[in-house]
Amino acid sequence: MTITLLAVGKTDNKELLNLIQVYKNRLNHYVKFQFEIIPDIKKAKHLSENEQRQKEGELILKKINSSDALILLDEKGKQFDSVGFSTYLQKHMNSGLKQLVFVIGGPYGFSDDVYKNAKGKIALSKMTFSHQMVRLFFIEQLYRGFTILKNEPYHHR
């Protein structure tokens, strides 16, 4: 199985980029992992929130195959503790799924079309984090989930 993380918009914060790379490298020992940035919408300031969501949604859906499981990182999604999230990952791996795609949307969330195509939603917290921070937090949780599945000492129970 391949796990892909799609994120709308780039980050210029070098410290975050370095930490993301650390966890990407660690994660690749467990699973084929891809992290892809969907470029910011050009002239977004001239668009309404809904228009921006629509344009971002079109770009997101172009990256999704019909056989992929699309999971949205969404504040209204299901919350897991780390052990529960590792179990969630294991169930997807056991299902024979080829690609599991997680998406971090833009600043205004997802379009209706993206919600309709999603197979699930996950919330990292009830708190709000910047889209740049969510990338790091989510990749770290993926890594933690795999160390839990392998019964490795990274996660202390």
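Worth saying up front: this structure is predicted, and the values here are computed from it rather than measured.

### Section: the overall build of the chain
The secondary structure content of the chain amounts to 5 helices and 5 strands. Listing every helix and strand of the chain by position from the N terminus yields β-α-β-α-β-α-β-α-β-α. Taking 2.2 N^0.38 as the reference for a compact globule, 157 residues should give roughly 15 Å; the C-alpha atoms of the chain span a radius of gyration of 15 Å, in line with that estimate. With respect to the principal axes defined by its C-alpha atoms, the chain has extents near 50 × 35 × 25 Å. Within the chain, buried positions represent 45% of all 157 residues. Across the chain, contacts joining residues at least 24 apart in sequence account for 83% of those joining residues at least 6 apart.

### Structural notes on the pairing of strand β3 (residues 69-78)
Counting buried residues along β3, 7 of its 10 residues qualify, which places the element largely inside the surrounding structure. The parallel pair β3 and strand β4 (residues 99-104) is bridged by helix α3 (residues 82-94), and the resulting crossover is right-handed. Note: β3 against strand β5 (residues 120-122), 4 bridges, orientation parallel. The partner of L73 across the bridge, within β5, is I122.

### Some thoughts on the pattern of salt bridges
Under the defined criterion, the tally for this structure stands at 4 salt bridges. Across the pair K76 and E75 runs a salt bridge, and its minimum N-O distance is 3.9 Å. There is no split in this pair, since K76 and E75 are both exposed.

### Quick look at the nonpolar core
The biggest cluster of nonpolar side chains holds 28 residues, and the ones touching the most others in it are I3, L5, F33, F102 and L142. Contributing elements (two or more residues each) for this core: β1 (2-8), α1 (14-27), β2 (32-38), β3, α3, β4 and α5 (131-149). Among the elements that make up this core, the one with the highest residue count is α5 (7 residues). Within the second largest apolar cluster, 11 residues are counted, among which are I60, I64, L70 and V101.

### Focus: the packing of aromatic side chains
Scanning the model with the defined rule gives 12 aromatic pairs in all. Site record: aromatic cluster; members linked through ring pairs are Y23, Y30, Y143, F146 and Y154. One residue, R26, lies across the ring of Y23, its end atom 5.0 Å from the ring centre.

### Points about the sheet that holds β3
Ordered by their spatial adjacency, 5 strands build an open sheet running β2-β1-β4-β3-β5, and the pairing between neighbours is parallel. Of all strands in the sheet, those with a lone pairing partner are β2 and β5, marking the two edges. Taken over all neighbouring pairs, the strand axes of this sheet differ in orientation by 30 degrees on average, direction set aside. Sheet analysis places β1 next to β4, joined by 6 bridges and oriented parallel. Considered in β4, the bridge of I3 is made with L100. In the packing of α3 onto the sheet, contacts are made with β1, β3, β4 and β5, and the angle to β4 comes to roughly 135 degrees.

### Digging into unusual backbone geometry
Positive phi is not limited to glycine here, since N151 has a value of about 60 degrees. With respect to the helices, strands and loops of the structure, N151 is situated in the segment after α5. Since its relative accessible area comes to 66%, N151 is described here as exposed.

Conventions we followed
- Residues numbered from 1 in each chain as written.
- Predicted model: local features only at pLDDT ≥ 70, side-chain atom pairs only at ≥ 80, totals over all residues.
- Heavy atoms only, no water.
- Helix = DSSP H or I, 4+ residues; strand = E, 2+ residues; numbered from the N terminus.
- Rg over C-alpha atoms; globule rule 2.2 N^0.38 Å.
- Buried < 20%, exposed > 50% of the residue type's maximum accessible area, 1.4 Å probe, protein only.
- Contact = heavy atoms within 4.5 Å.
- Right-handed = clockwise from strand over helix to strand, strands pointing away.
- Pairing = 2+ DSSP bridges.
- Salt bridge = Lys/Arg side-chain N within 4 Å of Asp/Glu carboxyl O.
- Core = buried A, V, L, I, M, F, W, Y, C linked by side-chain atoms within 4.5 Å.
- Phe/Tyr/Trp six-rings, centres within 6.5 Å; stacked < 30°, edge-to-face > 60°.
- Lys NZ or Arg CZ within 6 Å of the ring centre and 35° of its normal.
- Axes fitted to C-alpha atoms, helices over the stretch in contact; angles between N-to-C directions.

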